[in-house]
Amino acid sequence: MRLLVIGGSDAGISAGLRARELDPTADVTLLVADRYPNFSICGIPYHVSGDVPDWHHLAHRSAADLDAAGLQLRLEHRAIAVDSDAHTVTATAPAGRSTVIGYDRLIIGTGAVPAVPAIGGLDRLGPADGVHVLHTMDDAFAILRTIAERRVVRVVIVGAGYIGLEMAEALTTRGLTVTLLEQLDQVMPTIDPELAAPLAAHLRDRGVDVGTGVKVHTVGHAATGRLAVGTDDGDHVADLVLVVTGVRPDTDLAASAGAALGVRGAIVVDRGMRTNLPDVYAAGDCVHTYHRLLEQHVYLPLRSTAHKQGRVAGANALGGTATFAGSLGTQAVKVFDRVVATTGLRDTAARAAGFNPATVEITADDHKAYFPGATPIRIRVTGDRTTGQLLGAQLFGHRGAEIANASTPSPPPSATGPPSPTSSTST
């Protein structure tokens, strides 16, 4: 069995490892577009902040670990065409070479790419100008180079989702002055306003200038040689601009091969992660995701979901009958000394889906108040008035409370990896 996997992040690695678990004789090859297989993109802010000084520690497994598991890694091999009839993939290789690889089963795990908003001037600017996105290790290294070479003092972050919040903390921790701009009326739009408000207050308490309900219109060079971010309420001057306004599925390769696309342009798969193409599976941030409460597919790019989908794809590509159970959208984020976590449906989403929701809130200590160190947790629970079904929950509290396993991760043992790019280590 020749199993070819496109993508070296959570879905692709999980698929390859699962296949080797089930059949140690399977010939499993992974095409990885960059030099960083199985790296935690979610952990990048911790490297930028200096909490994880060695970027190698962001690798869930080293290249040597993956090789020992029987995965054949082809680094810096970018797939550019899939011929599902001939069962071949064409990829560009280092030094501009091209190679054609045959397969018996193919798994596409191309992930997502940054969703760049329609902001005037943004299409003409890039890292050389101090304007960045953040989705890959190379993006992280580029940001750190800009900080060092431009002697950055002021940063404007466009987007107050998970990455925007974590980078606001990371860059503030480095001693930079950070302005966080969000066009919606609250930070972290995936939680209720009642919890978003204290989260924004905590950011402000830590020195972050938070602007909500602020639409960015332009980004360009200022007369001072710095950058100007034009908004509804005036310009913000910065040395570095970070645009983190979400992602979209990276499906150009699959679509050009004839794969059907669905929700938000994601690849259509069944719950066995099969596409409409013969012997082709897909998993991770490039596919739609079955939501267990909504009982329909949505676009929900999450690391844990990608990992589970990858395992299903890896098993079924070898002839298995695994089924992806679905997702509830469980997410958690640490912001300075606070953690917020959410799962299931909020009141607004539940109502839009046809439920008759009711949401209640309580505040409770994380342990008995008489024992030293107790801290309050705000808990919001949503249920259906008609059926009594539990629909969702949200929690907000101190990072030391048992809200979620979202505290700063401890670095794993040193991992081997590709040589560090210039200025890739934070100070």
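Residues numbered from 1 in each chain as written. Predicted model: local features only at pLDDT ≥ 70, side-chain atom pairs only at ≥ 80, totals over all residues. Heavy atoms only, no water.

**Structural notes on the pattern of salt bridges**
Under the criterion given, the structure shown has 16 salt bridges. When the shortest N-O distance is used, the salt bridge between Arg124 and Asp123 registers 3.9 Å. Shared partners join several salt bridges into a network, and the residues in it are Asp192, Glu194, Arg346, Glu361, Arg378 and Arg380. (Salt bridge = Lys/Arg side-chain N within 4 Å of Asp/Glu carboxyl O.)

**Points about the environment of Asp34**
Mapping Asp34 onto the fold places it in the loop between strand E2 (27–32) and helix H2 (44–49). Taking the relative accessible area as the measure of exposure, Asp34 reaches 23% and is therefore partly exposed. Expressed as a C-alpha distance, the spacing of Asp34 and Thr136, which sit 102 residues apart in the sequence, is 9.0 Å. (Helix = DSSP H or I, 4+ residues; strand = E, 2+ residues; numbered from the N terminus. Buried < 20%, exposed > 50% of the residue type's maximum accessible area, 1.4 Å probe, protein only.)

**A look at the packing of aromatic side chains**
For the structure on display, the rule yields 5 aromatic pairs. On the basis of an interplanar angle of 75° and a centroid distance of 5.6 Å, the ring pair of Tyr36 and Phe39 is categorised as edge-to-face. Per residue, the accessibility class of Tyr36 equals that of Phe39, and both read buried. For the ring pair Tyr36 and Phe141, a centre distance of 5.7 Å and an interplane angle of 65° mean the geometry is edge-to-face. Of the two residues, Tyr36 sits in the loop between E2 and H2 while Phe141 sits in helix H4 (residues 137–149), which places them 105 residues apart along the sequence. Of the two residues, Tyr36 and Phe141, both sit in the buried class. An aromatic cluster is present here, built from Tyr36, Phe39, Trp55 and Phe141 joined pairwise through their rings. The lysine or arginine in question, Arg271, covers the ring of Tyr290, its NZ or CZ lying 4.0 Å from the ring centre. (Phe/Tyr/Trp six-rings, centres within 6.5 Å; stacked < 30°, edge-to-face > 60°. Lys NZ or Arg CZ within 6 Å of the ring centre and 35° of its normal.)

**Some details on the confidence of the model for the chain**
This prediction gives the chain a mean pLDDT of 92; 94% of its residues lie at or above 70. In the model, residues 406–427 has pLDDT below 50 throughout and makes 54 contacts with residues more than four positions away in sequence or in other chains. (pLDDT = per-residue confidence, 0-100. Contact = heavy atoms within 4.5 Å.)

**Observations regarding unusual backbone geometry**
With phi around 60°, His87 is a residue other than glycine that occupies positive phi space. Its location among the elements puts His87 in the loop between strand E4 (78–83) and strand E5 (88–92). Since its relative accessible area comes to 17%, His87 is described here as buried. Residues other than glycine seldom take positive phi values, yet Met273 does so here, at roughly 70°. The class of Met273 is buried, set by a relative accessible area of 1%.

**A short note on the sheet that holds strand E22 (residues 338–344)**
Taking strand neighbours across the sheet as the criterion, the 5 strands line up as E21-E22-E25-E24-E23 in an open arrangement whose pairing is antiparallel. Only two strands of the sheet have a single neighbouring strand rather than two, namely strand E21 (331–335) and strand E23 (357–365). Across this sheet, the average inter-strand angle for adjacent strands is 10°, counted without regard to direction. Sheet topology places E22 next to strand E25 (residues 390–398); 7 bridges connect them, and they run antiparallel. By the bridge assignment for E25, Thr342 is matched with Gln394. On top of the sheet, helix H5 (residues 162–173) reaches E21 and E22; it is set at about 20° to E21, its chief contact. (Pairing = 2+ DSSP bridges. Axes fitted to C-alpha atoms, helices over the stretch in contact; angles between N-to-C directions.)

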